[in-house]
Amino acid sequence: MGKITPRQANAKTTNRGRPSKYDVKFCDTVVSVGEDGGTLAEMAVACGINRETLNNWADIHPEFSSAIKAGMEKAQAWWEQKGRVATFGGMPGFNATSYIFHMKNRFKDDWRDKVETEISGPDSGPVQFGFKIIE
């Protein structure tokens, strides 16, 4: 079993405040929002909660966390499919620059520009910099 977060431990040991609105049916809601390309904010609104509650529920309820991940994967697939169609003229008014900006910022793990070049000095040591005054 996975590690219990402090939030999960607190939720299981305290009984303060009003009861949670959480219902396992919200799992279907967040997946459905993702199927339409929706964001985490849209998932929260569809559940009638705020983003903080969405995050809390994901920490406390493993099935909800899995549903959010599935929803986000479906959202990325939705956006990628739309971009593929638009790239080949299937969407009038398509703005490729806006699309790329959106994808790089929203789906960073797969879309950001990855730079894996490391610069080092002699014998893999630090790069030495200096200035030379030319008279």
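These numbers come from a predicted model, not from an experiment. (Residues numbered from 1 in each chain as written. Predicted model: local features only at pLDDT ≥ 70, side-chain atom pairs only at ≥ 80, totals over all residues. Heavy atoms only, no water.)

### A short note on the packing of aromatic side chains
A complete count under the given rule lists 7 aromatic pairs for this structure. A ring pair is formed by Phe-26 and Trp-57, whose centres lie 5.3 Å apart and whose planes are at 25°; its orientation type is stacked. You can see Phe-26 sitting in helix α2 (residues 26-35) and its partner Trp-57 sitting in helix α4 (residues 51-60), a full 31 residues away along the chain. Taken individually, Phe-26 and Trp-57 each receive the classification buried, so the pair is uniform in this respect. A centroid spacing of 5.5 Å and a plane angle of 55° characterise the contact between Phe-94 and Tyr-99, whose relative ring orientation is tilted. (Phe/Tyr/Trp six-rings, centres within 6.5 Å; stacked < 30°, edge-to-face > 60°. Helix = DSSP H or I, 4+ residues; strand = E, 2+ residues; numbered from the N terminus. Buried < 20%, exposed > 50% of the residue type's maximum accessible area, 1.4 Å probe, protein only.)

### Brief notes about helix α5 (residues 62-87)
Taking 1.5 Å of rise per residue, the 26 residues of α5 would be expected to cover 38 Å, and the 37 Å separating its terminal C-alpha atoms lies within 8% of that figure. If you check which residues of α5 are buried, you get Phe-64, Ser-65, Ala-67, Ile-68, Gly-71, Met-72, Ala-75, Gln-76, Gly-83 and Ala-86. Contact partners of the buried residues in α5: α2, α3 (40-47), α4, α6 (96-106) and α7 (108-111). The first or second residue beyond α5 is Gly-89, which carries a positive phi of 85°. (Expected span 1.5 Å × (residues − 1). Contact = heavy atoms within 4.5 Å.)

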